[in-house]
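The primary structure of each chain is shown beneath.
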Amino acid sequence: MRIFSLLATRSCKILRSLQQNAFLLSSSRIVAVNFGSTATVNKDGGHYVTTPIFYVNASPHLGHLYSAVIADCLHRYKQLQGFNSKFATGTDEHGLKVQQAAEAAGKQPLTFCTEVSERFERLFRSCNISHTDYIRTTELRHRQAVEHFWSVLWNKRHIYKGSYEGWYSTQDESFLTPSQVGDAVDSSGNEIKVSLESGHKVEWMKEENYMFRLSAFRSQLLDWLRGNPKAIQPECFQQAVLQWLQEELPDLSVSRQRSRLQWGIPVPGDASQTIYVWLDALVNYLSVAGYPNDHEQWWPMARHIIGKDILKFHAIYWPAFLLAAGLPLPQAIHVHSHWTVRGKKMSKSLGNVIDPLEHSRMFTTDGLRYFLLRQGVPESDCDYTEEKVLKLLNAELADSLGGLLNRCTAAALNPAQVYPSFCSQSFPRGHGGRAVAEDYCMLEAVKNLPFVVEKHYESLHFYKALEAIAACVRQTNGFVQRHAPWKLDRTDGKDQQWLDTIIHVSLECMRVYGTLLQPVVPDISDKLLTRLGVRRDERSFETLDFLPQYWERDSPFEGRALGADSGVLFSRLESQTVKKKTKNSHLK
Ligand code: MSP
């Protein structure tokens, strides 16, 4: 009898959950929803997100932070979906330009690298970059991975001894064909040769070294890209790589004479040569995954975030090296474009390099993250100006989102400081209540929002996700404004129910916004969700279930006390304050 009732209770629960899911699937397109429990679901498999590793020859700038924020957002999003996600960043410390920068600073290369690498780490910590591993190419685990990788390529005869003669850019650590080189004049009036792509100076180089049989991989690379239309995203970059692959691929020099480059990993078995810095650097993705002994869990999962300037290295050299080593290729390479400042490329000589730490203090960490992801379009370059940042943050974070929270949690409208009740007579699924057509449109938009946002997060079109959220926030503000709950008569039972319903619906909307915004603005979202009384185990994308009572399901929030009020969500920025801060920072 007891067994029977236990089974009955369980099957009842299962049935209910199936019904709920089936209902939800038909009434909404939010598919990844779990009603059984409010805990974060741990899915099988994992995700491995990487940033490029950053050169330590100069201090971090806004572009570096941008690569890191994109990767951080993807990593946080995967975690909120219930995946186990690994997220690596770090510093690229070998090579001639680092060697020269250390010399110029009068420091030992490793001391110099440690100082700059720590600066990157501090920036990332202060900007809430939640990496799970920080790799430096001067670490022993990396050196061992590179040596092993080299030996595999050598033993498989993909590397041979030869000589290279051609153009080389130290600044880009890149070899160039004659068609990629043009004439220019340097600041002292000397005629020089430059890379047409980066504008950096190139030099003629002739050296005995080791060559990688890149030419042998052209057709395999073409097959890979043709068979995987989403290998490189956005699509325009995949097309660019396919275009490059229309031409012959020359073999690649993968070492430098040690006499010219000491700061790097020696070629195993030939200490007179140093491994090419890009081969060394790219292997960092394997080092973090545990290569050569323990990489299988993570390696096939990799998604690389890179800027457009390093596409060739990631989309041609890296897959060719991996194919040669018999390793799987990354899941995807996500490319982003660059930030300019007032229409100009950021450069030391122009003095317009944006210090991300200074600007994160000026606009707050979340403010800067929000701006970069809201304005950054992967396909095209974007322009950064302080006025634009200020205007956007004031409009969307302070006024729109912050204002909405303020209205719905203010003691005047919500004296009990609770999630008030939802009244289905006031806001029925059919007609006849007090809600109007625009209110139903808003519900539809917010109900679909998680689906829309997840789609854009998945393809790293964060600006589209944030645009969709901002539009819904505006609709919710419109909803409150339209019904002016402050004008309702609280002594009238029906008015009170309608007022509670307006607040309940608005808080539910904000719970959706707060949950979906977590990968982008973790601090603001935390503040918002805490104020709404949403527990930490109720914040995953999995458990997001918008306005359940409207669809006749129980709500865990109705009647729940709001969380503590810790002040305004996002303080309005004054242009004076920003100007003053900028001025002072120039004086520093
Ligand atoms: N060390 C190499 C990467 C090796 S990965 C195996 C490197 N480092 S970098 O420090 O020069 O650049 C790191 C990232 O910053 C790249 O993704 C690059 O595109 C990005 N940015 C550099 N300047 C940028 C802008 N102005 N705007 C946006 N991102 C840019 O390359």
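Residues numbered from 1 in each chain as written. Predicted model: local features only at pLDDT ≥ 70, side-chain atom pairs only at ≥ 80, totals over all residues. Heavy atoms only, no water.

A. Layout of the packing of aromatic side chains. The final tally for this structure, using the stated rule, is 35 aromatic pairs. When the ring of W167 is compared with that of W204, the centres are 5.1 Å apart and the planes differ by 80 degrees; the resulting orientation is edge-to-face. Placement of W167 in strand β5 (residues 159-169) and of W204 in strand β9 (residues 203-212) is noted, with a sequence separation of 37 residues between them. For W204, a relative accessible area of 49% puts it in the partly exposed group. (Phe/Tyr/Trp six-rings, centres within 6.5 Å; stacked < 30°, edge-to-face > 60°. Helix = DSSP H or I, 4+ residues; strand = E, 2+ residues; numbered from the N terminus. Buried < 20%, exposed > 50% of the residue type's maximum accessible area, 1.4 Å probe, protein only.)

B. Highlighting the packing of helix α11 (residues 356-363) against helix α12 (residues 365-375). Interhelical geometry of α11 versus α12 gives an angle of 105 degrees and a closest axis separation of 6 Å. Comparing the axis directions of α11 and α12 gives the class roughly perpendicular. The residues of α12 that touch α11, namely those facing P356, H359, S360 and F363, are T365, G367 and L368. Classifying every residue of the contact of α11 with α12 by side-chain character gives three nonpolar, four polar and no charged. (Axes fitted to C-alpha atoms, helices over the stretch in contact; angles between N-to-C directions. Parallel < 35°, antiparallel > 145°, perpendicular 65-115°, else oblique. Contact = heavy atoms within 4.5 Å. Nonpolar A, V, L, I, M, F, W, Y, C, P; charged D, E, K, R; others polar.)

C. Spotlight on the UniProt feature "domain: Methionyl-tRNA synthetase anticodon-binding" (unreviewed entry) in the protein chain. Under the present numbering, the feature "domain: Methionyl-tRNA synthetase anticodon-binding" (unreviewed entry) in UniProt falls on residues 432-537. Measuring from the first to the last C-alpha atom of residues 432-537 gives 37 Å, for a span that is 75% helix and 0% strand. (UniProt positions renumbered as here; feature names shortened; annotations may be inferred.)

D. View of helix α15 (residues 462-483). Its 22 residues give α15 an end-to-end C-alpha distance of 32 Å, which sits within 8% of 32 Å, the value for a rise of 1.5 Å per residue. Where α15 ends, the next residue or the one after it, A484, has phi of about 35 degrees, a positive value. (Expected span 1.5 Å × (residues − 1).)

E. Region of the structure containing empty space enclosed by the protein. Taken as a whole and assessed by the stated rule, the structure comprises three cavities of 30 Å³ or more. Its volume calculated, the largest cavity comes out at about 130 Å³. Lining the largest cavity are 16 residues; nearest its centre among them are I70, V335, H336, P378 and L460. Breaking the lining of the largest cavity down by element, the ones donating at least two residues are α2 (62-80), β16 (332-336) and α15. For the lining of the largest cavity, the per-class residue count stands at ten nonpolar, six polar and no charged. Counting the residues that make up the lining of the largest cavity, at least three belong to each of domain 1 (47-158 + 213-336) and domain 2 (399-561). Each pocket or cavity is described by its volume, and for the second largest cavity that value is around 90 Å³. Forming the walls of the second largest cavity are Y370, E396, L397, S400, L401, L466, I469, A470, V473 and L517. In the lining of the second largest cavity, the residues fall into eight nonpolar, one polar and one charged. (1 Å grid on protein atoms, 1.4 Å probe; cavity = no way out; pocket = protein on both sides within 12 Å on 5 of 7 lines; lining within 4 Å. Points joined across faces, edges and corners; volume = space filled by probe spheres on them. Domains from an automatic or database assignment.)

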